[in-house]
Amino acid sequence: LHHFLPFGSPAWKVGLLSSIPHMLVVTFVFLLVQKFTKSVLAGAASSILLISNYLFFMYGTTPEVFALFDLFFVLLIFFVVRFEETKHIRFLYAFTFLLGLSLAHHHIIVVAFPAFAYVFWRHRLRIRKMMSWRRWLNMSGLFLVGLLPYLYVPLAAHGSSMINWDHPTTLSRFLRLIMRVDYGTFQSGSLIGSLLEQRFLSVRAFVQFVLADFTRVGILLAVAGWVWLMKKRRSEAIFLGLLVLLYGPVFLFYASFPIVNRFTLGTFERFLLPSYIVLYVFVGVGMAGTAQAVRAILLRIVSPLVQTIAYIGVWMLFA
């Protein structure tokens, strides 16, 4: 990036590079909402609301792993939805490769495995029919290719870097590093935040964050969007609902982040992003569903001109 951009400081360039994944996340949120609702306005509104969220915006300009993880996360959702629609093998191939790549990036993607398992279990008979041994072999190869970035870890460990975490030059040290044993694997730490009361406080903090960031109107729209999807596209609604639960209350209860100072608060809030992304999809769907319901009511009682004005007014209110 330093060689391609002749202007800006190294810190600014790294920050710009970190913003690209979140720019793409916004694009795919738009595509998901537009695909569910057939409404460009709903997709645009949900994307604008997502960009406006301070947490999403902050980690879109912060050199961290989470923006890229969010991109992998929303891409996996997109490929699952496209497979639901088309039942085409190419989306399974893309999903498998990206799953390996996301595992090589951050192991928290395994939290989504139950939701993925639900979708593929639901289509198990069709998958069984469409898969041959060659296709299984292709998928296995794509998954392993996605894991190839892990090869850099032992190679770099043999170098002379000043920071060499766990010195993973042996298999046991390598596994210790990628399993984050020193961090407590999926927990915030091996010694802090382990009490049951602290776990429930993490769930309570999640609810408080959602209420503060989405407000009551946003939460009502998200619920309306999920209900609308349950009526129109039940499988996707359950799949996305599972993701919100898994990355929200379930993961935060298990990880048990003790929110006692600014550092631990910052550690906690970055893990809200996956559930927030799905919630903004629900909000966009809820806006479209609400506007359609209002329009259906107006069709019965007022003239077409008033219907159009009211319909635009609903969009302006929610956007």
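Preceding this section is the structure that the text describes.
Criteria and thresholds
Residues numbered from 1 in each chain as written. Predicted model: local features only at pLDDT ≥ 70, side-chain atom pairs only at ≥ 80, totals over all residues. Heavy atoms only, no water. 1 Å grid on protein atoms, 1.4 Å probe; cavity = no way out; pocket = protein on both sides within 12 Å on 5 of 7 lines; lining within 4 Å. Points joined across faces, edges and corners; volume = space filled by probe spheres on them. Helix = DSSP H or I, 4+ residues; strand = E, 2+ residues; numbered from the N terminus. Buried < 20%, exposed > 50% of the residue type's maximum accessible area, 1.4 Å probe, protein only. Axes fitted to C-alpha atoms, helices over the stretch in contact; angles between N-to-C directions. Parallel < 35°, antiparallel > 145°, perpendicular 65-115°, else oblique. Left-handed = near helix turned anticlockwise from the far one by under 90°. Contact = heavy atoms within 4.5 Å. Nonpolar A, V, L, I, M, F, W, Y, C, P; charged D, E, K, R; others polar. Patch = residues over 30% accessible without salt bridge, like charges linked within 9 Å, V, L, I, M, F, W, Y side chains within 5 Å. Areas by Shrake-Rupley, 256 points an atom, 1.4 Å probe, with all protein chains shown as cover. Salt bridge = Lys/Arg side-chain N within 4 Å of Asp/Glu carboxyl O. Phe/Tyr/Trp six-rings, centres within 6.5 Å; stacked < 30°, edge-to-face > 60°. Lys NZ or Arg CZ within 6 Å of the ring centre and 35° of its normal. Lys, Arg positive; Asp, Glu negative; His and termini not counted. Polar contact = N/O pair within 3.5 Å; in protein donor to acceptor, adjacent residues only side chain to side chain.

J.: So what exactly am I meant to see when it comes to the layout of surface pockets here?
T.: If a probe as big as a water molecule is rolled over the atoms, it shows which places are left empty. Empty space within the second largest pocket amounts to approximately 310 Å³. Residue lining of the second largest pocket: 14 residues in total, with Ile219, Ala222, Val223, Val244 and Leu279 positioned closest to the centre. At the level of secondary structure, the elements contributing two or more residues to the lining of the second largest pocket comprise α11 (196-232), α12 (234-255) and α14 (273-301).

J.: How should I be thinking about the environment of phenylalanine 174 in this particular structure?
T.: Relative to the helices and strands, phenylalanine 174 is located in helix α10 (residues 171-178). Of the residues examined, phenylalanine 174 reaches a relative accessible area of 17% and is grouped as buried. Between the C-alpha atoms of phenylalanine 174 and tyrosine 150, which are 24 residues apart in sequence, the distance is 9.4 Å.

J.: What's the story with the packing of helix α4 (residues 66-86) against α12 in this structure? I'm lost.
T.: Pairs of packed helices are described in terms of their axes, by the angle between the two and the distance that separates them. Contact pair α4 / α12: the axes reach a minimum separation of 10 Å and the direction vectors enclose 160°. Compared by their axis directions, α4 and α12 come out roughly antiparallel. Considering the relative orientation of α4 and α12, their crossing is right-handed. Contacts between α4 and α12 involve Phe69, Phe73, Ile77, Val80, Val81 and Glu84 from the first element and Ser235, Glu236, Phe239, Leu240, Leu243 and Tyr247 from the second. The class makeup of the residues in the contact of α4 with α12 is nine nonpolar, one polar and two charged.

J.: Is there a simple way to explain a nonpolar patch on the surface in this structure?
T.: Among the surface-exposed residues, Phe97, Val145, Leu148, Leu151 and Leu155 lie close enough to one another that they form a single nonpolar patch of about 460 Å² accessible area. In this structure, valine 145 sits in helix α8 (residues 133-146). Under the relative-accessibility criterion, valine 145 is labelled partly exposed at 41%.

J.: It is not clear to me how the packing of aromatic side chains should be interpreted in this structure. Could you clarify?
T.: The relative placement of two aromatic rings is captured by the distance of their centres and the angle of their planes. Across all of its chains, the model carries 17 aromatic pairs by this definition. Between the aromatic rings of tyrosine 59 and phenylalanine 66, the centroid separation amounts to 5.9 Å while the plane-to-plane angle is 75°, which identifies the pairing as edge-to-face. Neither tyrosine 59 nor phenylalanine 66 differs from the other in exposure class; each is buried. Taken together, the aromatic side chains of Phe83, Phe95, Phe116, Phe120 and Phe239 make up a single cluster linked through ring pairs. Sitting over the face of the ring of tryptophan 121, arginine 124 holds its NZ or CZ atom 4.0 Å from the ring centroid.

J.: It is not clear to me how the side chain of aspartate 70 should be interpreted in this structure. Could you clarify?
T.: Its place among the elements puts aspartate 70 in helix α4. Buried and without a salt bridge, aspartate 70 has arginine 270 as its closest oppositely charged side chain, separated by 10 Å. At 2.8 Å, the side chain of aspartate 70 and the side chain of histidine 22 are in polar contact. Ignoring any residue separated from it by four or fewer positions in sequence, one finds aspartate 70 in contact with His22, Val25, Leu273, Pro274 and Ile277.

J.: Could you clarify how one ought to interpret empty space enclosed by the protein in this entry?
T.: Within this structure, the stated rule accounts for one cavity of 30 Å³ or more. Roughly 40 Å³ of internal volume is contained in the largest cavity. For the largest cavity, the full set of lining residues is Phe66, Phe69, Asp70, Ile108, Arg270, Phe271, Leu273 and Pro274. Listing elements by their share of the lining of the largest cavity, those giving two or more residues are α4 and α14. In terms of residues, the lining of the largest cavity owes the most to one element, α4, which gives three residues. In terms of residue class, the lining of the largest cavity is made up of six nonpolar, no polar and two charged.

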